Amino acid sequence: MITIYIHNEPHRVKAGTSLLEACLSLGFNVPYFCWHPAMHSVGACRQCAVKVFRDENDTAGSIVMSCMMPVREGMRVSIDDPEAVRLRAHVVEWLMLNHPHDCPVCDEGGECHLQDMTVMTGHTVRRTRLPKRTYRNQDLGPFVTHEMNRCIQCYRCERFYRDYAGGRDFGVLGWHDGVYFGRSANGKLESEFSGNLVEVCPTGVFTDKILAGHYTRKWDLTTAPSICIHCGAGCNTIPGARYGQLRRIRARFNGQVNGYFLCDRGRYGYGFVNGPRRVREPMVRGADGRLQVVAGPETLAFAGEHIRGGRAIGIGSPRASLEANFALRSLVGPERFFQGSSPRDSALSAAILECLTRGPTPTASLSEVEACDAVVILGEDVLNVAPMLGLALRQCARRQPLETAASLNIPYWLDAANREVTQDGHGPFFIASTAATRLDGLATSAYRASPQDLARAGLAAAHRVDASCPEPAELSQDAQAFARAVAEALKSARRPLVVAGAGSGSVELIHAAADLAWALTRSGKDARLCLTAAECNSMGAALMGGGDLSAAMETLRSGAAETVIVLENDLRGRMSRRDFDEMTSLARCLIVIDHTGQATTERAHCVLPAASFVEADGTLVNNEGRAQRFFKVLPATGAIQESWRWLGELAVAAGRRLAPPWPDFDAIVADLAATLPAFKDVPAIAPPAGFRQVGGKIPRQSHRYSGRTAEAAHLSVFDNPPPADPDSPLAFSMEGSGQEPPPALIPRYWAPGWNSDAAVNKFQIEVGGPLHGGDPGRRIIQPDSASSAPYFAEGSQPPAPKAGPLWVVPRHHIFGSEPLSAAAQPIAGLCPKPYLAMNGRDAAAAGLGRGQTVEVSIGGVGYSVAVVIDDSLPPGQAALPAGIEGLEGIDLPGWGSVARAGQGEGGRP
């Protein structure tokens with residue numbers, strides 16, 4: 001820490017930072033545009049001018065751009081110097097010369113950084129009457145609207161899209177005052193992170209196209225802290241609702257998880273909440289065989305009668321909260337509770353949990369991934385399985401080149417200079433995959449093979465790091481060369497990283513990744529291990545225990561159960577059509593609690609409408625073992641209620657003497673923590689419902705919220721009180737504490753003069769640092785730093801692939817492989833059709849051509865798909881898209897066979 005003087009007052013700041021970061025961290029308001037806390041400084045806008053003096057005797061001083069000036073001991077600064085103030089006012093006026101001044105109709109209005117900075121600099125009158133420069137806008141796809149006339153040339157969009165996120169289909173075009181930010185032609189933005197342009201842009205050039213279809217001003221949105229449910233990364237979000245509908249999702253800052261950004265699946269995959277498949281009423285199957293809406297008490301009586309006999313089993317879900325799964329476990333008993341995952345998925349989650357707890361290597365948060373300087377990815381297509389991990393890995397790839405720039409005394413925050421020195425260089429980055437990935441452009445070396453061979457290559461690298469880890473036999477020369485390069489690079493790195501996960505479908509790959517990470521740790525390296533989880537609560541379900549779906553099937557076959565309770569789970573997506581048909585036929589009474597209609601609800605005898613993630617409170621455990629809380633944004637309406645409440649009422653209807661019905665959310669959390677020691681820290685991850693600030697709750701609505709009376713005017717002209725919320729310290733109103741809430745309860749970012757999301761600076765200990773009180777969540781899975789557990793390879797080695805007709809591996813898609821987001825418009829239109837990807841030589845040898853329709857048989861079940869040629873696949877290996885409609889429940893990787901079925905339209909890979 002060093003001392004600088006601002007307005008002749010001493011302040012302690014972190015050495016090595018820029019003056020702008022230091023001023024903002026201290027709470028001073030300095031206007032800026034081009035600077036961003038994640039992308040740092042380029043000095044493009046000239047808006048952050050301040051005056052710096054040589055010493056206390058200097059009265060003239062010099063105007064500097066604070067984002068480009070490093071702090072130094074004894075530095076004297078004036079933010080309010082009249083000359084600096086005048087320059088900032090002139091800069092804003094120049095930037096606003098061609099701005100259309102269309103705030104009343106601009107979707108960014110009310111949360112616009114340009115508005116904030118214009119007011120902050122005192123620019124209130126437009127003096128020019130000259131014609132404005134105009135542009136033609138582009139169609140950038142279904143997510144982002146383009147209005148180029150609002151651009152102030154800050155370069156944030158291009159820097160994020162190309163430099164930070166690695167996109168190549170968008171950039172800056174033109175020259176002089178004709179600079180244009182867009183694509184060379186109309187078309188959908190290809191990046192998985194294109195929606196971040198909406199938040200990164202300080203004006204309204206890029207706005208949310210989906211929100212525009214049901215637009216609401218920011219201050220009229222009801223918001224609450226939440227967690228993304230579309231993968232296992234656990235990104236923090238802020239959903240916004242109005243008139244009983246979810247309107248949008250924005251990024252919520254968590255320095256350890258997603259930072260400032262979200263992927264497009266997490267940002268736009270919410271349409272199922274408002275969609276036509278939403279379950280809103282209890283239903284019971286009538287004598288005519290059709291589901292009929294029935295009153296709640298009658299439905300509970302029907303279900304309770306079937307549960308009362310004690311022959312019921314419960315099938316939980318890795319996408320349901322800990323509390324909901326625990327409620328089901330409490331209802332049916334631990335021995336009759338099943339996780340709700342396929343045997344393979346259950347084994348993958350168990351393997352990840354074992355790797356994270358048994359060995360000495362710490363698991364990496366996304367923030368820690370960015371800090372690593374060498375990486376090997378074993379079998380995981382991270383940009384499609386866990387996109388935000390892919391974004392973090394792009395920053396990880398720059399770590400070693402940045403050290404070169406640092407040796408030249410270039411500060412880390414001087415972005416343009418760093419990129420000039422590093423060019424397109426990157427550190428050691430190794431990818432072992434079954435086919436090409438979108439990260440291959442970063443790869444130092446890429447090795448493509450079957451999952452078994454990838455695991456064997458990983459073990460070979462582990463053996464080269466630590467000779468006590470057994471070496472696999474019969475490795476190909478390519479595998480040996482890859483393993484040698486990986487081992488040498490990781491041993492030379494300061495903080496190496498090993499990445500694998502459930503997306504590969506291979507337990508052997510997960511074990512190989514753990515062995516390699518453990519070998520690095522035991523050789524003295526500060527290594528990290530990152531394993532992706534399949535779903536938002538896969539790790540929580542693994543911690544809770546319970547058998548897989550095959551065990552549930554055996555219970556039904558044996559006659560030990562005849563009633564099945566399914567919690568927020570579509571069993572059709574987790575088992576073959578044949579097994580799904582058998583399970584649903586064996587169940588004399590199938591009770592489904594879910595919020596979205598799907599194949600399992602269509603077979604149900606009783607359906608109970610569950611609250612979605614925006615209408616419920618709950619806890620999820622992400623891939624690193626971080627337990628995080630989400631809170632309801634909308635009150636549940638009509639018959640809809642949280643799954644754990646339905647299960648409590650079912651216990652009463654069945655005459656069970658158990659802890660349920662729990663009176664409130666805190667009660668079930670306390671019961672969970674007391675019953676299962678693995679979750680003893682869960683109550684502490686967020687304040688309880690009784691938490692108050694200055695005697696008030698935390699308001700979900702802003703202090704400018706309007707029209708509360710009008711919202712229900714079609715029902716009543718009276719101003720009804722807001723809904724009560726006994727489950728959290730958040731209130732469904734604008735009344736309440738005006739203080740900054742604890743980090744787990746922050747419903748929005750706003751501070752006086754800061755209406756845009758840039759207000760997050762006011763909630764952080766320092767710019768880009770943790771929130772006041774620490775980042776939300778708590779790790780409940782910890783490694784054993786003193787572990788001397790044997791390597792997995794000592795027990796068994798991945799077998800060499802046997803000769804067979806066709807080895808089929810899963811291929812994940814950011815849009816389509818996750819079923820809830822696939823039900824959202826317009827994501828549904830981006831999901832691929834069923835296809836089989838084959839190497840061109842294999843297809844030619846089989847007499848197959850691109851687009852030809854074939855029958856693929858996996859596990860004795862046939863699927864009709866179109867052939868897609870992908871020469872990045874190794875010979876003898878094919879790929880099927882995982883989880884998409886029409887290919888649900890396939891157990892991959894596995895052997896398959898192909899037979900011709902005629903001609904058809906080609907699939908979209």
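Bear in mind the structure is a predicted one, so any value in this text is a computation, not a measurement.

*Asks:* Explain the overall build of the protein here, please?
*Replies:* Assigned secondary structure in the protein consists of 27 helices and 36 strands. Radius of gyration (C-alpha) of the protein: 28 Å, near the 29 Å computed for a compact globule of 909 residues. For the protein, the spread of C-alpha atoms along the three principal axes comes to 90 × 75 × 60 Å. For the protein, buried positions account for 61% of its 909 residues. Of the contacts made within the protein by residues no fewer than 6 positions apart, 74% connect residues no fewer than 24 positions apart. Per element, the accessible surface of the protein, about 33200 Å² overall, is 52% carbon and sulfur. Side chains of the protein give 89 positive and 94 negative charges; the mean places of these two sets differ by 3 Å.

*Asks:* What's the story with the sheet that holds strand β21 (residues 496-501) in this structure? I'm lost.
*Replies:* In a beta sheet, neighbouring strands are held together by backbone hydrogen bonds and run either parallel or antiparallel to one another. If you walk across this open sheet you meet the five strands as β20-β19-β18-β21-β22, and the pairing is parallel. Either end of the sheet is taken by a strand with one partner, and the two such strands are β20 (445-448) and β22 (528-532). The sheet shows a mean angle of 10 degrees between the axes of neighbouring strands, taken without regard to direction.

*Asks:* Got a minute to help me understand the packing of helix α2 (residues 82-96) against helix α3 (residues 113-121) in this structure?
*Replies:* A pair of packed helices is captured by two measures, namely the crossing angle of their axes and the spacing between those axes. For the pair α2 and α3, interaxial distance at closest approach is 9 Å and the crossing angle is 140 degrees. When the interaxial angle is binned, α2 and α3 end up oblique. For the crossing formed where α2 meets α3, the hand is left-handed. Each of R88, A89, V92 and M96 in α2 lies in contact with α3, whose residues at this interface are L114, M117, T118 and T121. Class assignment for the residues of the contact of α2 with α3 results in five nonpolar, two polar and one charged.

*Asks:* Teacher, can you tell me more about the pattern of salt bridges here?
*Replies:* Side-chain pairing between opposite charges can occur once the charged atoms of the two side chains come close. All chains considered together, the criterion is met by 48 salt bridges. Residues joined by salt bridges that share partners form a network here, namely D617, K632, E642, R645, R700, D725 and D727.

*Asks:* Is there a simple way to think about the packing of aromatic side chains in this case?
*Replies:* Each pair of aromatic rings is reported with the distance of its centres and the angle of its planes. Summed over all chains, the structure comprises 21 aromatic pairs. Seen from their ring centres, F253 and Y260 are 4.7 Å apart, and the 55 degrees between their planes marks the pair as tilted. Taking relative accessible area as the criterion, Y260 reaches 16% and is therefore assigned buried. Measuring from ring centre to ring centre gives 6.4 Å for W644 and F665, while their planes differ by 55 degrees; the resulting arrangement is tilted. Residue W644 is found in helix α23 (residues 643-653), and its partner F665 is found in helix α24 (residues 665-675); the two are separated by 21 residues along the sequence.

*Asks:* Would you explain empty space enclosed by the protein in this entry?
*Replies:* If a probe as big as a water molecule is rolled over the atoms, it shows which places are left empty. Considering all chains together, one arrives at 11 cavities of 30 Å³ or more under this definition. Approximately 320 Å³ is the volume found for the largest cavity. The wall of the largest cavity is formed by 27 residues, among which H36, E199, Y260, D757 and A758 lie closest to the centre. For the lining of the largest cavity, the secondary-structure elements that each account for two or more residues are α5 (196-200) and β13 (245-251). At three residues, the largest contribution of residues to the lining of the largest cavity is made by α5. Each residue belonging to the lining of the largest cavity can be placed in one class, and the counts come to 14 nonpolar, six polar and seven charged. Computed from the structure, the second largest cavity encloses a volume of approximately 170 Å³. Lining of the second largest cavity is provided by 17 residues; of these, S321, E568, A611, F613 and F630 occupy positions nearest its centre. Taken together, the residues of the lining of the second largest cavity sort by class into nine nonpolar, four polar and four charged.

*Asks:* How should I be thinking about the pairing of strand β34 (residues 861-869) in this particular structure?
*Replies:* Pairing of strand β32 (residues 835-838) with β34 involves four bridges; the strand directions are parallel. Directly across from L836, in β34, lies its bridge partner V867. As paired strands, strand β33 (residues 852-858) and β34 are joined by six bridges and run antiparallel to one another. When the sheet's bridge partners are listed, V854 is paired in β34 with V865. With antiparallel pairing between neighbouring strands as the criterion, β33 and β34 make up a hairpin whose turn holds two residues, including G859 at a positive phi of roughly 60 degrees.

*Asks:* Teacher, can you tell me more about the side chain of R159 here?
*Replies:* Along the chain, R159 turns up in helix α4 (residues 156-164). Polar side-chain contacts of R159 include one of 3.3 Å to the backbone oxygen of H40. Non-local contacts of R159, meaning those with residues more than four positions away in its chain, are made with C34, M39, H40, S41, V42, Y164 and D415.

*Asks:* Just to check I follow, could you spell out the environment of N29 for this structure?
*Replies:* Mapped onto the fold, N29 is located in the loop between α1 (19-25) and β3 (49-53). A polar side-chain atom of N29 sits 2.9 Å from a polar atom in the side chain of W754. Looking at N29, its side chain comes within polar contact range of the side chain of K762, at 2.8 Å.

*Asks:* For this particular structure, what's the right way to read α23?
*Replies:* Each α-helix winds once per 3.6 residues, and so residues spaced three or four apart point in a common direction. Most of α23 is tucked away, with eight of its 11 residues classed as buried. Inspection of α23 places S643, W644, W646, L647, G648, L650, A651 and A653 among the buried residues, and these make up the whole buried set. Here the buried face of α23 lies against α8 (296-307), α9 (322-332), β23 (563-567), β24 (589-594), β25 (606-609) and α24.

*Asks:* Even after reading the chapter, I still don't get the sheet that holds strand β26 (residues 618-621), so can you show me in this structure?
*Replies:* Spatially, three strands are ordered β26-β27-β30 in an open sheet, and the strand pairing comes out antiparallel. Bordering the open sheet on either side are β26 and β30 (778-779), each of which pairs with just one other strand. Note that strand β27 (residues 626-630) and β30 share two bridges and pair antiparallel. Residue pairing in the sheet places A627 in a bridge with R778 of β30.

*Asks:* For this particular structure, what's the right way to read the side chain of E192?
*Replies:* Note that E192 resides in the loop between β8 (180-182) and α5. Within the structure, E192 has its side chain in polar contact with the side chain of R438 (distance 2.6 Å). Setting aside anything within four residues of it in sequence, one finds E192 in contact with C263, D264, L383, R438 and I814.

Conventions we followed
Residues numbered from 1 in each chain as written. Predicted model: local features only at pLDDT ≥ 70, side-chain atom pairs only at ≥ 80, totals over all residues. Heavy atoms only, no water. Helix = DSSP H or I, 4+ residues; strand = E, 2+ residues; numbered from the N terminus. Rg over C-alpha atoms; globule rule 2.2 N^0.38 Å. Buried < 20%, exposed > 50% of the residue type's maximum accessible area, 1.4 Å probe, protein only. Contact = heavy atoms within 4.5 Å. Areas by Shrake-Rupley, 256 points an atom, 1.4 Å probe, with all protein chains shown as cover. Lys, Arg positive; Asp, Glu negative; His and termini not counted. Charge placed at Lys NZ, Arg CZ, Asp CG, Glu CD. Pairing = 2+ DSSP bridges. Axes fitted to C-alpha atoms, helices over the stretch in contact; angles between N-to-C directions. Parallel < 35°, antiparallel > 145°, perpendicular 65-115°, else oblique. Left-handed = near helix turned anticlockwise from the far one by under 90°. Nonpolar A, V, L, I, M, F, W, Y, C, P; charged D, E, K, R; others polar. Salt bridge = Lys/Arg side-chain N within 4 Å of Asp/Glu carboxyl O. Phe/Tyr/Trp six-rings, centres within 6.5 Å; stacked < 30°, edge-to-face > 60°. 1 Å grid on protein atoms, 1.4 Å probe; cavity = no way out; pocket = protein on both sides within 12 Å on 5 of 7 lines; lining within 4 Å. Points joined across faces, edges and corners; volume = space filled by probe spheres on them. Polar contact = N/O pair within 3.5 Å; in protein donor to acceptor, adjacent residues only side chain to side chain.

The quantities given are spatial measurements derived from coordinates; they are silent on function.
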